[in-house]
There are 2 protein chains.
Amino acid sequence: MPDILIGRLLVLHPPSGARHPIDDVRYSGGAVPLPEKALIAQIRRIARPDRRKLADRSVRPTRTAILTGIGDDCAVLRLLPGHESLVTTDFSLEGIHFRRDWHPAESVGHRCLARGLSDIAAMGGEPVAAFLSLALPRDLSQSWVGRFARSLISLAEKHGATLAGGDTAESPDGILADIIVVGTVPKGKGVLRSGARPGDRVFVSGELGGSAAAVLQMRSRPKKKLNPRDYPRHFYPEPRIELGRILREKGMASAMIDTSDGLSTDLAHICEESGVGAELDANLVPRASVGKPAREVDLDLALHGGEDYELLFTARPGKRIPARMAGIALTHIGHITRLRTILLRNSKGVADELQPRGWEHFRR
Amino acid sequence: MPDILIGRLLVLHPPSGARHPIDDVRYSGGAVPLPEKALIAQIRRIARPDRRKLADRSVRPTRTAILTGIGDDCAVLRLLPGHESLVTTDFSLEGIHFRRDWHPAESVGHRCLARGLSDIAAMGGEPVAAFLSLALPRDLSQSWVGRFARSLISLAEKHGATLAGGDTAESPDGILADIIVVGTVPKGKGVLRSGARPGDRVFVSGELGGSAAAVLQMRSRPKKKLNPRDYPRHFYPEPRIELGRILREKGMASAMIDTSDGLSTDLAHICEESGVGAELDANLVPRASVGKPAREVDLDLALHGGEDYELLFTARPGKRIPARMAGIALTHIGHITRLRTILLRNSKGVADELQPRGWEHFRR
């Protein structure tokens, strides 16, 4: 039986033939009604990789992990020697992380996987496989699931990851998804939160506050649908996989995290893990421009709004950090201190303590 | 910094000190109310491993995987050379997989993890790490979560696995858990569903139907609480990790699956993956004895009732299979055929087709 390369995964087909990983999704929800079986069959069809791609063995096989035993009780992943596995899990729950009346199915699928991919990026790792646990209410349309799954799988393929399994169930209420992403990083090279030292500079990629700005807009005018094109960082956040990998390869980042909870909270995580403090310059924090006509978000949103999925990292004093990398702006916003607090210096040069008010503050 | 052995995981403490994996559980549900933060803190305390165990380096270090980078965006797992990773995910949703009025918190926690461990057992693998995504309703008591978590973590420790991270969220409705178990198996040695050949004998461990019998009882008398001691296979199923490992090590199983969906459905999975059929002898199927006074379950329950988490496996004609292994009875119940159907031979010697009616049939 020939080995077949799917993205970056070498898949040894089981003897019984051409079953794809997602075929193993089990009907473990009990009493899965027929319409849901149709939905699951639909996901399978979408997940089934393109035959032409299967034949393409040129997709960076040297850094692949190898997957065997598909269509079984577990997926089997084989890493190249000298690599470690990264594992991250993230819920996407209707009413908590998204709303069906606010978010198109494509956005829900994209954001579901982007959350996990962003965690891999924050370690400087590369994604290998995703596992989707998905519970659906009985009345959900086949079309919704198709759009959700196509968007999720398309983002996975873009980053060289394969949807390699998961679980399905009937949901007691609302759409419930849990995404697991398994990634890989060369042994001992994962960029941790704990590596920041006094004197390091603090950098952030892209712009901040764009995602939370969309949430505020939708909350203030719940009936009006936003155009995802005016708020791309909210509806279709692009995980910074390539940027994270380059920062890790070049040894530029001493500590790193993704801005999923908001700058103030995520920087607090780095400081706590590293046993240090930080000082930020309010004028330097890059603020997203959103809406139509586009306008810059308030400083508070850039400081505390979450779900931007940018990379926040520190760099040793002597290390040169370019202004752009992998097409994304890198902005120097402050530095690490010995003091165990985070200070924010305003335009008048006055420094006040910056409380971690990320995420919770803007969720309701 | 000394390396510290937790169970079978070698944990390299991060520079900032003594944080445990579960400390990394992120408040990503948004607006996690204070009582829930207390609950999460409680899980952390329970998950924090015993100092004495930390010092015990004698726990089979030769088959450990190595975990580093704890307290970060991802968990980092390092396998021993010559090993592959196994990954499995399973939902446990209130109202679908359990009911708070039927199942004690301890049973819910135990069953949640047992589902994942049983998938690892079915590959002949050994569990390494578990990740728990847990969404809780606002009104859930601290005591419930404590009992749930203690039971789950105690089962993990019993099988040498560490709760290594996860996600938390506020639930829109009911308790929602998704368990991810990562295991390990020597390269190429995982026992697949696809290895059965005509002439192989079919075996099952333990007894069947005991779990479904509890569900039927509870459904018929919803107000009456069952005594878990009278239905242990339903409330506290023991995953057959040791048995699966020995079967794999001794090369006894040509194909294997766990009986999570019910014998008829799980055997159909093996047959489908292997491109074969099977014939079972109704008289040989081992039926569980449940209740007080104990009585044997009906044949239908043994054939179609799910969630027994026994091991169903096939063995080549010449292979000697003992009557007991790892303390568990192994029963020869039939054989694999070329014909692509599953037949059940009754006591009169008449064979009828056995439809896969597992799981769904008994769920509602």
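Since the structure is predicted, the reported quantities are computational estimates derived from the model, not experimental observations. (Residues numbered from 1 in each chain as written. Chains lettered and ligands numbered in written order. Predicted model: local features only at pLDDT ≥ 70, side-chain atom pairs only at ≥ 80, totals over all residues. Heavy atoms only, no water.)

**Observations concerning the overall build of chain A**
Applicable threshold: Think of it this way: any DSSP run of H or I at least four residues long counts as a helix, any run of E at least two long counts as a strand, and we number them from the N terminus. In this scheme, a residue with accessible area under 20% of its type's maximum is buried, one over 50% is exposed, and one in between is partly exposed, where area comes from a 1.4 Å probe on protein chains only. Two residues qualify as a contact provided that any one of their heavy atoms is within 4.5 Å of a heavy atom in the partner residue. For every accessible area listed, the method is Shrake-Rupley and the probe measures 1.4 Å; residues are considered covered only by the protein chains on display.
Each helix and strand counted, chain A has 10 helices and 19 strands in total. When the 364 residues of chain A are sorted by exposure, 65% land in the buried category. Long-range contacts, defined as pairs at least 24 residues apart, comprise 83% of the intrachain contacts of chain A with a sequence gap of at least 6. As displayed, chain A offers around 13200 Å² of accessible surface, 51% of which is attributable to carbon and sulfur atoms.

**Things to note about the packing of helix α3 (residues 105-121) of chain A against helix α4 (residues 142-158) of chain A**
All names here are of chain A. Cut-off, in case you're wondering: In this analysis an axis means a line fitted to C-alpha atoms, helices contributing only their contacting stretch, and an angle means the value between N-to-C directions, from 0 to 180 degrees. For a crossing to be left-handed, the near helix must be turned anticlockwise from the far one by less than a right angle; the clockwise case is right-handed. Note on residue categories: nonpolar means Ala, Val, Leu, Ile, Met, Phe, Trp, Tyr, Cys or Pro, charged means Asp, Glu, Lys or Arg, and polar means any other residue, Gly included.
Contact geometry for α3 and α4: axes closest at 7 Å, N-to-C directions at 35°. Handedness of the α3/α4 crossing: right-handed. Residue-level contacts link A105, E106, V108, G109, H110, C112, L113, A114 and L117 of α3 to W144, R147, F148, S151, L152, L155 and A156 of α4. A per-class count over the contact of α3 with α4 returns 11 nonpolar, three polar and two charged.

**Concerning the pattern of salt bridges**
All names here are of chain A. Heads up, the rule is: Here, a salt bridge means any side-chain nitrogen of Lys or Arg that lies within 4 Å of a carboxyl oxygen of Asp or Glu.
Applying the stated criterion to the full structure yields 34 salt bridges over all chains. Among the salt bridges present, the one from R245 reaches E126, with a minimum N-O distance of 3.7 Å. One end of the pair, R245, is in helix α7 (residues 241-249); the other, E126, is in strand β7 (residues 126-136), and 119 residues separate them in sequence. The pair formed by R245 and E126 is uniform in burial state, with each residue classed as buried.

**Some thoughts on the environment of A:D281**
Residues and elements named next belong to chain A. The topology assignment puts D281 in strand β12 (residues 277-281). As for D281 and G349, which are separated by 68 residues in sequence, their C-alpha atoms are 8.6 Å apart. Among all residues touching D281, those that are not within four sequence positions of it are I333, L344 and R345.

**Here's the deal with helix α4 (residues 142-158) of chain B**
Using the following cut-off: Multiplying 1.5 Å by the helix residue count minus one yields the expected span of that helix.
Taking 1.5 Å as the rise per residue, α4(B) with 17 residues should run 24 Å; its terminal C-alpha atoms sit 24 Å apart, in good agreement. Looking one or two places after α4(B), you find B:G160, whose phi comes out positive at around 75°.

**What to know about the environment of B:D200**
Residue and element names in this part refer to chain B. Our working rule: We define a polar contact as two N or O atoms separated by no more than 3.5 Å, with the added condition that, inside protein, one atom must be a possible hydrogen donor and the other a possible acceptor, whereas residues neighbouring each other in sequence contribute only through side-chain atom pairs.
Relative to the helices and strands, D200 is located in the loop between β8 (176-186) and β9 (201-205). Exposure remark for D200: the relative accessible area of 1% places this residue in the buried category. Separated by 39 residues in the primary sequence, D200 and A161 have C-alpha atoms spaced 33 Å apart. Those residues in contact with D200 that lie beyond four places of it in its chain are G195, S254, T314, A315, R316, P317, H335 and I336. A distance of 2.5 Å separates the side chain of D200 from the side chain of R316, its partner in a polar contact.

**Here we look at the side chain of B:T259**
Residues and elements named next belong to chain B. As for its position among the elements, T259 is in the loop between β10 (255-258) and α8 (263-274). Taking the relative accessible area as the measure of exposure, T259 reaches 1% and is therefore buried. Discounting residues that sit within four places of it in the chain, T259 has contacts with V204, L208, D266, G306, E307, D308, Y309, E310 and L312.

**Observations regarding the pairing of strand β7 (residues 162-170) of chain B**
Residue and element names in this part refer to chain B. Put simply, the rule is: Pairing between strands is defined by DSSP: at least two bridges between the two strands are required. Seen with its strands pointing away from the viewer, a crossover is right-handed if its path from the first strand over the helix to the second goes clockwise.
A large share of β7 lies buried, amounting to nine of its nine residues. Looking at chain direction, strand β6 (residues 126-136) and β7 are connected through eight bridges and run parallel. Residue L132 lies in a different strand from β7, and its bridge partner there is G166. Handedness of the crossover joining β6 and β7 through α4 is recorded here as right-handed.

**What about the packing of aromatic side chains?**
All names here are of chain A. Stated precisely, the cut-off is as follows: Any two of the Phe, Tyr and Trp rings considered here, Trp counted by its six-membered ring, make a pair once their centres fall within 6.5 Å; the pair's planes then place it as stacked at under 30 degrees, edge-to-face at over 60, or tilted in between. In this scheme, Lys NZ or Arg CZ marks a charge over a ring once it lies within 6 Å of the ring centre and within 35 degrees of the ring normal.
Enumeration according to the criterion identifies four aromatic pairs over all chains in this entry. Ring plane angle 10° and centroid distance 5.4 Å describe the contact between F203 and F313, whose orientation is recorded as stacked. Taken together, the residues span a long stretch of sequence, with F203 in strand β10 (residues 201-205) and F313 in strand β15 (residues 311-315) at a distance of 110 residues. F313 shares its class with F203; the two are buried. Of note, R99 hangs over the ring of W102, and the distance from its end group to the ring centre comes to 3.9 Å.

**Remarks on the nonpolar core**
Rules: The term nonpolar core refers to a set of buried residues drawn from Ala, Val, Leu, Ile, Met, Phe, Trp, Tyr and Cys, joined through side-chain atoms within 4.5 Å.
By size, the foremost hydrophobic cluster in this structure holds 51 residues, and its most contacted members are A:L113, A:L132, A:F148 and A:L247. Those elements that provide at least two residues to this core are α3, β7, α4, β9 (176-186), α7, β15 and β17 (328-337) of chain A. Those residues in contact with A:L132 that sit more than four places away from it in its chain are A:C112, A:F148, A:L152, A:L163, A:G165, A:G166, A:D167, A:A177, A:D178 and A:I179. One finds B:F98, B:A114, B:L243 and B:A315 within the second-largest nonpolar core, a separate group that totals 50 residues.

**As for α8(B)**
Residues and elements named next belong to chain B. In this model, α8 (12 residues) spans 16 Å end to end at C-alpha, consistent with the 16 Å of a helix rising 1.5 Å per residue. Most of α8 sits out of view: 10 of its 12 residues are buried. Of all the positions in α8, only L263, S264, T265, D266, L267, A268, I270, C271, E273 and S274 are classed as buried.

**A word on unusual backbone geometry**
All names here are of chain A. The residue after K292, namely P293, is reached through a cis peptide bond having omega 0°. With respect to the helices and strands, P293 occurs in the loop between β13 (289-290) and β14 (295-296). A positive phi is found at E307, a non-glycine position, where the angle reads about 65°. Mapped onto the fold, E307 is located in the loop between α9 (299-304) and β15.

**Section: the side chain of B:T265**
In this fold, B:T265 is placed in helix α8. In this structure B:T265 touches B:P356, B:R357 and B:G358, once residues within four positions along its chain are discounted.

**Examining the confidence of the model for chain A**
All names here are of chain A. Rule in force here: The predictor reports its confidence for every residue as pLDDT, a score running from 0 up to 100.
In the predicted model, chain A carries a mean pLDDT of 82, and 79% of its residues have values of at least 70. Segment residues 1-36: pLDDT under 50, and 132 contacts once partners within four positions in sequence are set aside and those in other chains are kept. Model confidence for the complex is summarised by a pTM of 0.85, with the ipTM given as 0.84.

**So, the pairing of β15(A)**
All names here are of chain A. Buried residues dominate β15, accounting for five of its five residues. Residues L311, F313 and A315 line one face of β15 and the alternating positions L312 and T314 line the opposite face, and both faces are buried. Taken together, the four bridges between β10 and β15 define a ladder with antiparallel strand orientation. Within the sheet, the bridge partner assigned to V204 lies in β15 and is L312. Bridge count between strand β11 (residues 255-258) and β15: four bridges; the pairing is antiparallel.

**Here we look at the state of the cysteines**
Note the following rule: When the sulfur atoms of two cysteines come within 2.5 Å, that pair is taken as a disulfide.
Scanning the entire structure with this criterion turns up zero disulfides over all chains. Cysteine A:C112 remains unbridged, with the sulfur of B:C74 as its closest cysteine sulfur at 15 Å. A relative accessible area of 0% places A:C112 in the buried class.

**Describing the environment of A:P232**
Note on placement: A:P232 falls in helix α6 (residues 232-235). Each C-alpha atom, one on A:P232 and one on A:D167, is 30 Å from the other, the two residues being 65 residues apart in sequence.

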